[in-house]
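# Residue-level structure breakdown
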Amino acid sequence: MAKPKNILFIMFDQLRWDYLSCYGHKTLHTPHIDRLAKMGVRFDRCYIQSPICGSSRMSTYTGRYVHSHGASWNNIPLKVGEKTMGDHLRKLGMDCWLVGKTHMSVDAEGMERLGLERDSIIGARVAECGFDVFERDDGMLPEGPDGSYDPDGAKEYNKWLKAKGYESDNPWHDFANSGLDDEGNVLSGWFLKNSSEAANIAEEDSETPYLTGRGMEFIEQAKEPWCMHLSFIKPHWPYVVPEPYASMYGPEDVQEVIRSDDEYETAHPVLKAFMDSGVGKAFSRKEVREAVIPAYMGLIKQCDDQMGRLFDWLEETGRMEDTMIVLTSDHGDFLGDHWMGEKTFFHDNSAKVPLIIYDPSSEADATRGTVCDALVEAIDLAPTFVDVAGGEPEYHILEGESLLPVLRGERAETLRDYAICEYDYSASPTADQLGHGVRDAVMFMVATKEWKMVHCEGEHRPILFDLVNDPLELRDLGDSEDHQDIIDQMYDKLFAWARRQSQRTTRSHTQLEEMRTKTRRRGVMIGIYDENEAPLELTVKYRGRKAPNMKKGVAAE
């Protein structure tokens, strides 16, 4: 029976679930990703654990909720000591490598406190989210008056572009993410009006083909078994794409916006603040959507074509027969829906992501080409990979669950009846806009198949959506007295989640059960009145013992 020896873990950045044709997009056709779905299982209810790059990825890599790992926003370090999928897999003999983005920030203070050097093997892994690095590329090299957001962004890619003749101190910006006018002026991709411009770069030299090639180079030289995280930068902004993709789509291909006037006018105060942010106001404008969305679609089309290149190569080299392929995203993109841009709220446009898993084993034959409606969380991937590698997931650390039983037709559902997503916006301007302190600028989503509730700290009422009768999430029922019973039930689920033992990570469930009786077998006798009340084998060390009378101390010689 065939078994997956390797895991190809593909993640796109800011890819909306409904911008793939297998998920129902009307004009954007993605045949290569669709083909993977026909070979495996497409999951329709996969929720991330935070609607922002860094904290979402840290949950996926650790298999733990944001509340557990603590890296609650971009550039908040993942604390030293958090185990990641690389730590779990290496114990089982499977290497875990990175090609692309993690958005991880190093806990430099924690490493210094523990004496971990960055150039040591363990120090390098701690500093890189548990991965061994083939090439890290967080894909962003913006520059401002106070310096760069990420001085190491696009580091190797920029070197590669310069070596190919793209002359600039920042070719990532000037060529890969900007257009060019007839007079040779760079039209920066940071300005949304330039999204309709073609990137000033040969298509084969742009970011997505480059990273695809680097992933193939890793696989060619890798020693099995391996897990390789091929983590793409696109279709994340800047929304600029080279030809032929820049001309593939126009305003006529833009799907109808999902929003209503009543939704905006009656919006919950916290939701309204996100709607009224600068990016929300921008994407509420027709000219912005008509410039950005065709480029966004072009970026996705390019991603799909590169998946065709990759999958064809895997088949030609025989690697498709023993490699599990997982394809997903770290979050979505509002693109003007619900009067918002970016991703930082809990509507399905952002918090739900595509998830397609191809399992080459014959045990998965019965589920090929099927669609799974189970509630899935991104934290399920780490225990799934452990399961594939032949290990027993450490569920006192990993908070998700293995999806292998679903992939192999043993169950149709996961074991959960709700999904959780969190957002800590205490470091964002929205917190100032609302006048919220650090402790109040936090939100939690709890979702079932029927309902989605958002709890906002700061003494706000909840937000509630009826996912059955209002699947587009346009009507907030959080202030409806008729739905108070539903709100109470959702709070019960959130309270049950909050009571979990997420920090008890140094002892497994089995060890804790063994500890219930282990102290008695090691001589601790509590509440025993007579030695005959306890089993002989437990008290043998205390029976038949002799000692001299020392009540008056040691006798003088």
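A brief structural summary. (Residues numbered from 1 in each chain as written. Predicted model: local features only at pLDDT ≥ 70, side-chain atom pairs only at ≥ 80, totals over all residues. Heavy atoms only, no water.)

### Some thoughts on the sheet that holds strand E15 (residues 442–447)
In space, the 4 strands of this open sheet follow the order E14-E15-E16-E17, with antiparallel pairing throughout. Two strands close off the open sheet at either side, each with one partner strand: strand E14 (419–424) and strand E17 (463–466). Along the sheet, successive strands turn relative to each other by an average axial angle of 15°, direction set aside. Where strand E16 (residues 451–456) lies against E17, 4 bridges are found, and the strand directions are antiparallel. (Pairing = 2+ DSSP bridges. Helix = DSSP H or I, 4+ residues; strand = E, 2+ residues; numbered from the N terminus. Axes fitted to C-alpha atoms, helices over the stretch in contact; angles between N-to-C directions.)

### Some remarks on the environment of Lys193
By the secondary structure assignment, Lys193 is in the loop between strand E8 (186–188) and helix H9 (207–221). Accessibility expressed as a relative area gives 67% for Lys193, which makes it exposed. Considering only alpha carbons, one finds Lys193 and Asp119, 74 residues apart in sequence, at a separation of 44 Å. (Buried < 20%, exposed > 50% of the residue type's maximum accessible area, 1.4 Å probe, protein only.)

### As for helix H7 (residues 155–164)
Listed in full, the buried residues belonging to H7 are Tyr157, Asn158 and Leu161. Seen from one end, H7 has its buried residues packed into an arc of 100°, which puts them on one side. Contact partners of the buried residues in H7: strand E4 (132–136), helix H8 (171–176) and H9. Gly165 sits one or two residues past H7 and shows a positive phi near 110°. (Arc of directions from axis to C-beta. Contact = heavy atoms within 4.5 Å.)

### Thoughts on the nonpolar core
Looking at soluble globular proteins, one finds that nonpolar side chains tend to be buried together. Ranked by internal contacts, the top residues of the largest apolar core, which has 66 residues, are Phe9, Phe43, Phe345, Leu355, Ile357, Phe385 and Met443. Per-element tally for this core: the top contributor is helix H15 (residues 381–388), with 5 residues. Sequence-distant contacts of Met443, defined by excluding residues within four places in its chain, comprise Val270, Phe274, Phe345, Phe346, Cys421, Glu422, Tyr423, Tyr425, Val454, His455 and Cys456. (Core = buried A, V, L, I, M, F, W, Y, C linked by side-chain atoms within 4.5 Å.)

### Remarks on the state of the cysteines
Going through the model one piece at a time under the given rule, you end up with 0 disulfides. For the unlinked cysteine Cys456, the closest cysteine sulfur is that of Cys421, found at 13 Å. (Disulfide = S-S within 2.5 Å.)

### Observations regarding the pattern of salt bridges
As enumerated under the stated definition, the model contains 46 salt bridges in all. Connected through salt bridges with shared partners, the residues Glu377, Asp380, Glu401, Arg411 and Arg416 form a single ionic network. (Salt bridge = Lys/Arg side-chain N within 4 Å of Asp/Glu carboxyl O.)

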